[in-house]
Amino acid sequence: MSGPILRVEGISKGFPGVQALKDVHLEVRAGEVLVLVGENGAGKSTLMKILSGIYTKDEGTITFEGQEVELTSPLQAQELGITIIHQELNLMPDLTVAQNIYVGREPTTGPFLSERKLNRQTAELLQRLDIHLDPRQRVGELTVAEQQMVEIAKALSFNAKILIMDEPTSALTDSEVETLFVLIEQLKARGT
Ligand SMILES: Nc1ncnc2c1ncn2[C@@H]1O[C@H](COP(=O)(O)OP(=O)(O)OP(=O)(O)O)[C@@H](O)[C@H]1O
Ligand SMILES: [Mg+2]
C-alpha cells in the first residue's frame, strides 16, 4: 500500500479542567518510525492511548489501512493490528516468558494445555524476531530491557502492524537502548 497505514485528523480530547489534545494531525507509513516529542503534560500519552483504544477521542477521525475506524477498546485495536507497550510493563513476574506471551491463548493437546507446544511456538517467535531469550525463564528474573523484549514479542505475536511505545527507553541503560534500537530497525525493515 502506498498511502499512510494510519492517518489521524483533527483529534481533540479534553479531561475535566484540561484540554489535553487540540486538533492533532499525523500520518504513519508502513516501516516508518515516528517519534512524538513534547514536555510533561503535552498530551503524548493521551494520543497514544486514543490510538490504542484505551481512551475515546472527543473529535476527529482515525483512518487505518484506508478505512475510517472507531477504536473502542484495547482488544479491538489489537485485533486491527495496533498495539501499545506502556511505560509500566504489564508482565506477570511468576510466569515464564512463553506463558506471558500467550496467556489466555495457550496451545492445547486435546483438553490439556501443552507446555511443550507453548515453548516451541515461543522459541519460533523469538527466533523470528532475533530475540535471544529462553521461553521457559521466569519473567521476574529478566532485566527491564529483556522484559520489554518480551512485551514486544507479545505485541508482534498478535501480528501488530503498528507498535506504539510510550517512553520505551526511560528505564533502560545506554547499551540496552542500543539493543532496543536494533530491534526497532528490524521491525521497520519488516514494515511494522
Ligand atoms: N485520565 C486523565 N484524567 C484527567 N486528566 C488527564 C488524564 N490523562 C491525562 N490527563 C491530563 O492531560 C494532559 C496530558 O497528559 P499526558 O499524560 O497525555 O501528557 P504526556 O505528554 O504523556 O506527559 P508526560 O511526558 O509527563 O508523560 C495533562 O494535563 C494530564 O494531567
Ligand atoms: Mg506520558
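Higher on the page you've got the structure.
Structural notes, computed from the coordinates.

Parameters and conventions
- Just so you know, the residues in each chain are numbered from 1, in the order the chain's sequence is written.
- Whichever chain is written first becomes A and whichever ligand is written first becomes 1, with later ones labelled in order.
- Confidence filtering applies because this is a predicted model: local features only for residues at pLDDT of at least 70, side-chain atom pairs given and counted only at 80 or more, and all residues used for totals across whole chains, interfaces and linings.
- To obtain the side-chain values, all non-hydrogen atoms of the structure were used and water was disregarded.
- Detection works on a 1 Å grid of protein atoms alone, calling trapped sets that fit a 1.4 Å probe cavities and calling open sets with protein on both sides within 12 Å along at least five of seven lines pockets, with lining residues defined by an atom within 4 Å of a point.
- Grid points are joined across faces, edges and corners, and a volume is the space filled by probe spheres set on the points.
- Segments assigned H or I by DSSP are reported as helices when at least four residues long, segments assigned E as strands when at least two residues long, and all are numbered from the N terminus.
- With axes taken as lines fitted to C-alpha atoms, and helix axes fitted only over the stretch in contact, angles between N-to-C directions fall between 0 and 180 degrees.
- Angle categories are assigned with fixed cut-offs, so that under 35 degrees is roughly parallel, over 145 is roughly antiparallel, 65 to 115 is roughly perpendicular, and the rest are oblique.
- In a left-handed crossing the near helix is turned counterclockwise from the far helix by less than a right angle, and in a right-handed crossing that turn is clockwise.
- We call two residues in contact when some of their heavy atoms are within 4.5 Å.
- How far a helix is expected to stretch is found by multiplying one less than its residue total by 1.5 Å.
- Only protein chains enter the calculation, and the probe is 1.4 Å; a residue is then buried if its accessible area is under 20% of its type maximum, exposed if over 50%, and partly exposed in between.
- Arc definition: directions from the helix axis to the C-beta atoms.
- In this analysis, a patch consists of residues with relative accessible area above 30% that form no salt bridge, clustered at 9 Å for like charges and at 5 Å for the nonpolar side chains Val, Leu, Ile, Met, Phe, Trp and Tyr.
- Residue burial considers only the protein chains on display, and all accessible areas are found by Shrake-Rupley using a 1.4 Å probe.
- When a carboxyl oxygen of Asp or Glu is within 4 Å of a side-chain nitrogen of Lys or Arg, the pair counts as a salt bridge.

1. Notes on the layout of surface pockets
In this model, the largest pocket occupies a volume close to 890 Å³. Lining the largest pocket are 32 residues, and of these Val33, Leu34, Val35, Leu163 and Met165 lie nearest its centre. Those elements that place two or more of their residues in the lining of the largest pocket are β2 (18-28), α1 (44-51), β8 (162-165) and α6 (174-189). With 5 residues, α6 is the largest single contributor of residues to the lining of the largest pocket.

2. Examining the packing of helix α5 (residues 144-157) against α6
Viewed as axis vectors pointing N to C, α5 and α6 meet at an angle of 15°, and their least axial separation amounts to 10 Å. Taken together, the axes of α5 and α6 are roughly parallel relative to one another. Handedness of the crossing formed by α5 with α6: right-handed. Contacts from Ala145, Gln148, Met149, Ile152 and Leu156 in α5 reach Glu176, Thr179, Leu180, Leu183 and Leu187 in α6.

3. Describing α6
Relative to the 22 Å expected for 16 residues at 1.5 Å per residue, α6 spans 23 Å between its end C-alpha atoms, a close match to the ideal helical length. Within the sequence span of α6, burial applies to Glu176, Val177, Leu180, Leu183, Ile184 and Leu187. The arc that holds every buried residue of α6, seen down its axis, measures 120°, which confines them to one face. Across from the buried face of α6, at angles greater than 90 degrees, the exposed residues are Asp174, Ser175 and Ala189. On the buried face of α6, the contacting elements are α5 and β8.

4. A look at a nonpolar patch on the surface
Residues Val33, Val35 and Val37 make up a contiguous nonpolar surface patch of roughly 320 Å² in combined accessible area. Position of Val35 among the secondary structure elements: in the loop between β2 and α1.

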